[in-house]
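Observations on the model geometry
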Amino acid sequence: MTPTTQAVLSSWTIEPWIILLSTISCWIYWRGWRGLHRRMPERFPRWRAWCFVAGLGVLWLAMASPLDAMGNLLLQAHMLQHLLIMMVAPPLIWLGAPGIPLLRGLPHRIRKYWLGPFLAWRVLHGLLHVLTHPVTCLCLFILVTWIWHWPPLYELGLRSATWHQVEHVCFLLASLLFWW
């Protein structure tokens, strides 16, 4: 095996939190999607489930593949990683129409007693109305992108693995709002 091949194969990281969140998200989505697909196959076709899983797969690829390790060495790899997180994964996740399947996939008690009252809260409705307004989404997307590419924060993300993960979470959340 060539040194390059060995380096690429050994630079896959197994981040437990990425695997755990992805697995739980897929399981909850699948649980909800399966019932919805049986009742309304035209509204919840198979391609939607594949899009959701592909979006999570792209996130995993961006954060756990050799691309993450190369991102510390090459600016192109680092920016490609950010593009995958911001421009490829969120649209795929939204194409999966995750809202109803994720809600339906949760256990009934959690939906009824925990999530139900929270989702019925008027303050949350107002906040979501403001957050999902197109102007707000665009401004947050631009602001998060600029802030994390400000040299001191950019270098902090390069020096600290924890801050780099925080950066990725910020990018993902801002991008999900943007693509909403």
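Our subject is the structure listed above.
The sections below set out a description of the structure shown in this document.

Describing the packing of helix 5 (residues 75–95) against helix 11 (residues 161–179)
Two numbers describe how helix 5 lies on helix 11: the axes approach to 9 Å, and their chain directions differ by 40°. Taken together, helix 5 and helix 11 sit at an angle that is classed as oblique. Once helix 5 is placed against helix 11, the crossing between them reads as right-handed. On helix 11, the residues touching His-78, Gln-81, His-82, Ile-85, Met-86, Met-87, Pro-90, Pro-91, Ile-93 and Trp-94 of helix 5 are His-164, Glu-167, His-168, Phe-171, Leu-172, Ser-175, Leu-176 and Trp-179. Each residue belonging to the contact of helix 5 with helix 11 can be placed in one class, and the counts come to 11 nonpolar, six polar and one charged.

Things to note about the packing of aromatic side chains
Tallying each qualifying case throughout the model produces six aromatic pairs. On the basis of an interplanar angle of 70° and a centroid distance of 4.9 Å, the ring pair of Trp-94 and Trp-180 is categorised as edge-to-face. Taken together, the residues span a long stretch of sequence, with Trp-94 in helix 5 and Trp-180 in the segment after helix 11 at a distance of 86 residues. Overall, Trp-180 belongs to the exposed group, its relative accessible area being 58%. Note on Phe-141 and Phe-178: the rings are 4.4 Å apart at their centroids and 20° apart in plane angle, and the pair reads as stacked. Taken as a pair, Phe-141 in helix 9 (residues 134–148) and Phe-178 in helix 11 lie far apart in primary sequence, 37 residues in all. Take Phe-178: its relative accessible area is 30%, and that puts it in the partly exposed class. These aromatic residues form a ring-pair network of at least three members: Phe-141, Phe-178 and Trp-179.

Concerning a positive patch on the surface
Taken together, the side chains of Arg-31, Arg-34, Arg-38, Arg-39 and Arg-104 define a basic patch exposed on the protein surface. The greatest single-element share of the positive patch, amounting to four residues, is contributed by helix 2 (residues 16–39). Within the fold, Arg-31 resides in helix 2.

Cut-offs and rules
- Along each chain, the written sequence defines residue order, and numbers are assigned to residues from 1.
- Only residues with pLDDT of 70 or above have their local features reported here, since the model is predicted, and side-chain atom pairs are shown and tallied only from 80 upward, although totals for entire chains, interfaces and linings are computed over all residues.
- Values shown for side chains rest on all heavy atoms present in the structure; no hydrogens or waters enter the calculation.
- Under this scheme, a helix contributes an axis fitted over its contacting stretch, all axes are lines through C-alpha atoms, and angles between N-to-C directions fall in the 0 to 180 degree range.
- The way it works is that DSSP assigns letters per residue, a run of H or I at least four long becomes a helix, a run of E at least two long becomes a strand, and they are numbered from the N terminus.
- Should an angle fall under 35 degrees it is taken as roughly parallel, and over 145 as roughly antiparallel, whereas 65 to 115 is taken as roughly perpendicular and any remaining angle as oblique.
- Crossings are sorted by hand: turned counterclockwise from the far helix by less than a right angle, the near helix makes the crossing left-handed, and turned clockwise it makes it right-handed.
- Contacts between residues were defined by any pair of non-hydrogen atoms, one from each residue, lying within 4.5 Å.
- For this scheme, ten residues count as nonpolar: Ala, Val, Leu, Ile, Met, Phe, Trp, Tyr, Cys and Pro. Four count as charged, namely Asp, Glu, Lys and Arg, and the remainder, Gly too, count as polar.
- Ring geometry is summarised as follows: Phe, Tyr and Trp rings, the Trp one being its six-membered ring, pair when their centres sit within 6.5 Å, and such pairs are stacked at plane angles under 30 degrees, edge-to-face over 60 and tilted between the two.
- Exposure is judged per residue with a 1.4 Å probe applied to protein chains only, and the accessible area is read against the type maximum: over 50% gives exposed, under 20% gives buried, and values in between give partly exposed.
- Each patch is built from residues that are more than 30% exposed by relative accessible area and take part in no salt bridge. Like charges join if they lie within 9 Å; nonpolar side chains (Val, Leu, Ile, Met, Phe, Trp, Tyr) join within 5 Å.
- Each accessible area is a Shrake-Rupley estimate made with a 1.4 Å probe; only the visible protein chains count as cover when residues are assessed.
- By convention in these notes, a salt bridge is any Lys or Arg side-chain nitrogen within 4 Å of a carboxyl oxygen on Asp or Glu.
- In this charge count, Lys and Arg are treated as positive and Asp and Glu as negative; neither His nor the chain ends contribute.
- Here the site of a charge means atom NZ of a Lys, CZ of an Arg, CG of an Asp or CD of a Glu.

The values are spatial; any link to function lies outside them.
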